[in-house]
Amino acid sequence: MADLQIRKVTAHIGAQVSGVDIAKPLDDDSVGALRAALNEHKALVFDDVDLDDEGQQAFARHFGELTTAHPTVPAIDGAANVLPVDSERGRAANHWHTDVTFVLNPPQASTLRSITLPPYGGETLIANSAAAYRSLPEPLRLLADSLWAEHTNDYDYAVPEEEVDEQLSSQRAQFTSITYRTAHPVVRVHPLTGERGLFIGGFAQRVAGLSVGESRKILDLLQAYVTRPENVLRHRWSPNQLVLFDNRITQHYAIDNYDGLPRRLHRVTVAGDVPVGIGGTASRSIAGDASHYTTVA
């Protein structure tokens, strides 16, 4: 704990952590310091980590109970909590999203660990949705405060229909094998910091009370504030790195700029709470039972 160092990477998001060996069990003070750093910086980068799948899961458990790998996508053999984020499975993450917001209680935090990296490209963008909310003009902020959106996994968010081959069609069918729909507040209050953040992203498909076309215009307008360059960390991966980010108040995007070369990360996520809006009303499930995937933190 005495050697723990936190160095900001950008003004609005991201910090590099050194002086702690996350391959070993952490004491309460170290976990508390990392949680405080995560609350402040939203995304933490750990270099030169000596972790395997078991070690990554053990580190993530310091922050709460783990989810299984994914509600519909298979885990790594023998590691039910580890999701392979693999270019061979397709590059469906190259859209802005917050992990698994189509369920009632999405993960509170996600860890990504580098396994195989291309010689160029393959960066991950992570955006601070609290900074985005703070930058909204007052009329837009008041509008966002009043809105709810339906999040679902049952839509084509990755590849235009004309580009879908048999493999992509199979992956899409697997991703949507259970349909989830959940109503979340567009502005979520972070349960630890009280910050307000725009809780939207790629799985948010429709604003309550609006048509599909009207919803798209409103969501695109708000999303443009999330993805402003000033609010984004562009993380260039190195071997043996782990990134921990707060899934309650960030979005991320895996850039498909590596010519289809091998790229593999392993993801482990920590079970989260049910989102709450500024009026104190909690999200509600419309369709889909995710109890096999996550408990409610």
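Residues numbered from 1 in each chain as written. Predicted model: local features only at pLDDT ≥ 70, side-chain atom pairs only at ≥ 80, totals over all residues. Heavy atoms only, no water.

**Q** What's the story with the sheet that holds strand β14 (residues 250–254) in this structure? I'm lost.
**A** Taken in spatial order, the 3 strands line up as β12-β6-β14 in an open sheet, and their pairing is antiparallel. Edge strands, defined here as strands with exactly one partner in the open sheet, are β12 (232–235) and β14. In this sheet, adjacent strand axes meet at a mean angle of 20° when their direction is disregarded. Sheet topology note: the strand β6 (residues 124–128)/β12 ladder contains 4 bridges and is antiparallel. Bridge pairing links Ala127 to Val232 in β12. (Pairing = 2+ DSSP bridges. Helix = DSSP H or I, 4+ residues; strand = E, 2+ residues; numbered from the N terminus. Axes fitted to C-alpha atoms, helices over the stretch in contact; angles between N-to-C directions.)

**Q** Explain the nonpolar core here, please?
**A** Note that soluble globular proteins tend to have their nonpolar side chains buried in a common cluster. Counting 26 residues, the largest nonpolar core has Ile22, Leu34, Leu44, Phe46, Phe59, Leu242 and Leu244 as its most contacted members. Where this core is concerned, the elements lending two or more residues are β2 (15–18), α1 (28–41), β3 (43–46), α2 (53–60), β13 (242–246) and β15 (264–270). Here the element with the most residues in this core is α1; it accounts for 5 residues. When near neighbours in sequence (up to four residues on either side) are disregarded, Phe46 contacts Val17, Val20, Ile22, Leu34, Phe59, Asn240, Gln241, Leu242 and Leu244. Grouped together as the second largest cluster of nonpolar side chains are 23 residues, Trp96, Tyr133, Ala149 and Ile218 included. (Core = buried A, V, L, I, M, F, W, Y, C linked by side-chain atoms within 4.5 Å. Buried < 20%, exposed > 50% of the residue type's maximum accessible area, 1.4 Å probe, protein only. Contact = heavy atoms within 4.5 Å.)

**Q** Would you mind showing me how to read the pairing of β13 here?
**A** The two faces of a sheet get side chains in turn, since along a regular strand they alternate between them. Of all 5 residues in β13, 5 are buried, a share of seventy percent or more. Side chains of β13 alternate between two faces, with Leu242, Leu244 and Asp246 and Val243 and Phe245 buried alike. Here 4 bridges tie β3 to β13, and the two strands are oriented antiparallel to one another. Bridge assignment links Val45 to a residue of β13, and that residue is Val243. Alignment of strand β5 (residues 109–116) against β13, held across 5 bridges, turns out to be antiparallel. Considered in β13, the bridge of Ser110 is made with Phe245.

**Q** I tried to follow the sheet that holds β13 on my own but got confused; where do I start?
**A** Sheet strands pair via backbone hydrogen bonds, and the direction of the pair is either parallel or antiparallel. Ordered in space as β1-β2-β3-β13-β5-β15-β4, the 7 strands form an open sheet in which the pairing is mixed. Strands at the two margins of the open sheet, each flanked by one partner only, are β1 (5–8) and β4 (83–86). When the angles between neighbouring strand axes are averaged without regard to direction, this sheet yields 25°. By the bridge criterion, 3 bridges tie β2 to β3 in an arrangement that is parallel.

**Q** Mind showing me how you'd approach the pattern of salt bridges here?
**A** Side chains that carry opposite charge are capable of pairing whenever their charged atoms lie near each other. Under the counting rule described, the total for this entry stands at 15 salt bridges. Across the pair Asp53 and Arg113 runs a salt bridge whose closest N-O atoms are separated by 2.5 Å. Pair noted here: Asp53 is in helix α2 and Arg113 is in strand β5, with a separation of 60 residues, a long-range link. With its nearest N and O atoms 3.3 Å apart, the salt bridge here joins Asp273 to Arg188. Linking Asp273 in the loop between β15 and β16 (284–287) with Arg188 in strand β9 (residues 187–189), this pair joins segments that are 85 residues apart in sequence. Since its relative accessible area comes to 2%, Arg188 is described here as buried. (Salt bridge = Lys/Arg side-chain N within 4 Å of Asp/Glu carboxyl O.)

**Q** Where do I start with the packing of aromatic side chains in this structure?
**A** Two numbers describe a pair of aromatic rings. These are the distance of the centres and the angle of the planes. In this structure the tally under the stated criterion is 5 aromatic pairs. Residues Phe46 and Phe59 carry aromatic rings whose centres are separated by 5.5 Å and whose planes lie at 70° to one another, so their mutual orientation is edge-to-face. Within this pair, whereas Phe46 is found in strand β3, its partner Phe59 is found in helix α2, the two being separated by 13 residues in sequence. Residue Phe46 shares its accessibility class with Phe59, and that shared class is buried. Plain terms: the ring middles of Phe102 and Tyr180 are 5.7 Å apart, the flat faces sit at 35° to each other, and that makes the pair tilted. Of this pair, Phe102 sits in the loop between β4 and β5 while Tyr180 is found in the loop between α5 (166–175) and β8 (181–185), placing the two residues 78 residues apart along the sequence. When sorted by exposure, Phe102 lands in the same class as Tyr180, which is buried. What links up through ring pairs into an aromatic cluster is the set Phe46, Phe59 and Phe63. Above the plane of the ring of Phe199 lies Arg188, whose end atom (NZ or CZ) is 4.9 Å from the centre. (Phe/Tyr/Trp six-rings, centres within 6.5 Å; stacked < 30°, edge-to-face > 60°. Lys NZ or Arg CZ within 6 Å of the ring centre and 35° of its normal.)

Read these as spatial facts, not as claims about activity.
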